[in-house]
Amino acid sequence: RKFWARYASLHGWYDQGRVGGDVILRYHNSDMYAGPLVEERWLDSMGVARKEGREDDHWGTWITADGHIYEGVAVDNHFDTTNIVGEFRVTYPNTEIYEGQYLDCNRHGIGEYHYLDGSVYEGEWHQGRRQGFGVFRIESGASYDMSYEGEFEDGACVLRAKIDMAAGNINMRDPVLYRIVSAP
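Residues numbered from 1 in each chain as written. Predicted model: local features only at pLDDT ≥ 70, side-chain atom pairs only at ≥ 80, totals over all residues. Heavy atoms only, no water.

Participant: In this structure, what is going on with the overall build of the protein chain? I would like to understand it.
Facilitator: Looking only at helices and strands, one finds 1 helix and 11 strands in the protein chain. In sequence order, the protein chain lays out its α and β elements as β-β-β-β-β-β-β-β-β-β-β-α. Taking all 184 residues of the protein chain together, the buried fraction comes to 34%. Contacts spanning at least 24 positions in sequence make up 24% of the contacts within the protein chain whose residues lie at least 6 apart. (Helix = DSSP H or I, 4+ residues; strand = E, 2+ residues; numbered from the N terminus. Buried < 20%, exposed > 50% of the residue type's maximum accessible area, 1.4 Å probe, protein only. Contact = heavy atoms within 4.5 Å.)

As structure tokens, then:
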């Protein structure tokens, strides 16, 4: 474990001298956690809470001091933002949202990223970058099947678009294609 949390304040339920149920915790580094408390007896040797220590309907929310919001079944009061592995919903400080798999603190596996402009990429990720097959949808409703193989410099990709010539919306018959640039 890279980070051991220290509580600054705890709001929750006490029963026979023990904290339990849903809590709101503030940590010394100004991070916050809201959700069910997972007792320390459920930690493994690496300081990660074991699954059996969580209720079936467990859902936790961790808010970092810099504005990242992590939500999911693996988010608990022992969550370590320096060791993120699993499936999460992450809201970034700029309010863009990623829902999907993480490995080593990177988007990695299958996930869906919602950009500020209303566009959405749903597909494969590798070490924080779009890689493999995915579908990119823009706010107007147009969708583009995409395949990323390796890392590309800005503007170096070729965008393949599936154009529906029978679409009722004339804009869908001849969509404007934009140069692809890397985004977080």
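Participant: What is the right way to read the nonpolar core from this model?
Facilitator: Core analysis: the biggest nonpolar cluster contains 23 residues, and Y33, W62, Y70, V75, F79, F88 and Y102 have the highest contact counts within it. Elements with a contribution of two residues or more to this core: β2 (18-27), β6 (86-91), β7 (97-103), β9 (120-126) and β11 (143-148). Top contributing element to this core by residue count: β2, with 3 residues. Once residues within four sequence positions are removed from consideration, Y102 is found in contact with I84, V85, G86, F88, V90, Y92, R107 and H108. (Core = buried A, V, L, I, M, F, W, Y, C linked by side-chain atoms within 4.5 Å.)

Participant: What is the right way to read the packing of aromatic side chains from this model?
Facilitator: In this description, an aromatic ring pair is defined by two values, namely the gap between the centres and the angle between the planes. In total, this model carries 15 aromatic pairs according to the counting rule given. Ring geometry for Y92 against Y113: centres 5.8 Å apart, planes inclined by 25°, an arrangement best described as stacked. Placement of the pair is Y92 in the loop between β6 and β7 and Y113 in strand β8 (residues 106-114), with a sequence separation of 21 residues. Across the pair, exposure class does not vary: Y92 and Y113 are buried alike. Centroid distance Y98 to Y113: 6.5 Å. Interplanar angle 45°. Geometry classified as tilted. Pair noted here: Y98 is in strand β7 and Y113 is in strand β8, with a separation of 15 residues, a long-range link. Summarising the burial analysis for this pair, Y98 and Y113 share the class buried. Sitting over the face of the ring of Y98, R107 holds its NZ or CZ atom 5.9 Å from the ring centroid. Above the plane of the ring of Y121 lies R130, whose end atom (NZ or CZ) is 5.7 Å from the centre. (Phe/Tyr/Trp six-rings, centres within 6.5 Å; stacked < 30°, edge-to-face > 60°. Lys NZ or Arg CZ within 6 Å of the ring centre and 35° of its normal.)

Participant: Where do I start with a negative patch on the surface in this structure?
Facilitator: Judged by side-chain charge, D22, E55, D56 and D57 come together as a negatively charged surface patch. Structurally, E55 can be placed in the loop between β3 (32-36) and β4 (60-63). (Patch = residues over 30% accessible without salt bridge, like charges linked within 9 Å, V, L, I, M, F, W, Y side chains within 5 Å. Areas by Shrake-Rupley, 256 points an atom, 1.4 Å probe, with all protein chains shown as cover. Salt bridge = Lys/Arg side-chain N within 4 Å of Asp/Glu carboxyl O. Lys, Arg positive; Asp, Glu negative; His and termini not counted. Charge placed at Lys NZ, Arg CZ, Asp CG, Glu CD.)

Participant: For this particular structure, what's the right way to read the pattern of salt bridges?
Facilitator: Two side chains with opposite charge may pair up if their charged atoms get near one another. Under the definition given, this model contains 7 salt bridges. The salt bridge partner of R18 is E39, with a shortest N-O separation of 2.8 Å. Of this pair, R18 sits in strand β2 while E39 sits in the loop between β3 and β4, and the two are 21 residues apart along the sequence. Measuring nitrogen to oxygen at the nearest pair gives 2.9 Å for the salt bridge that ties E39 to R41. We classify E39 as partly exposed; its relative accessible area is 25%.

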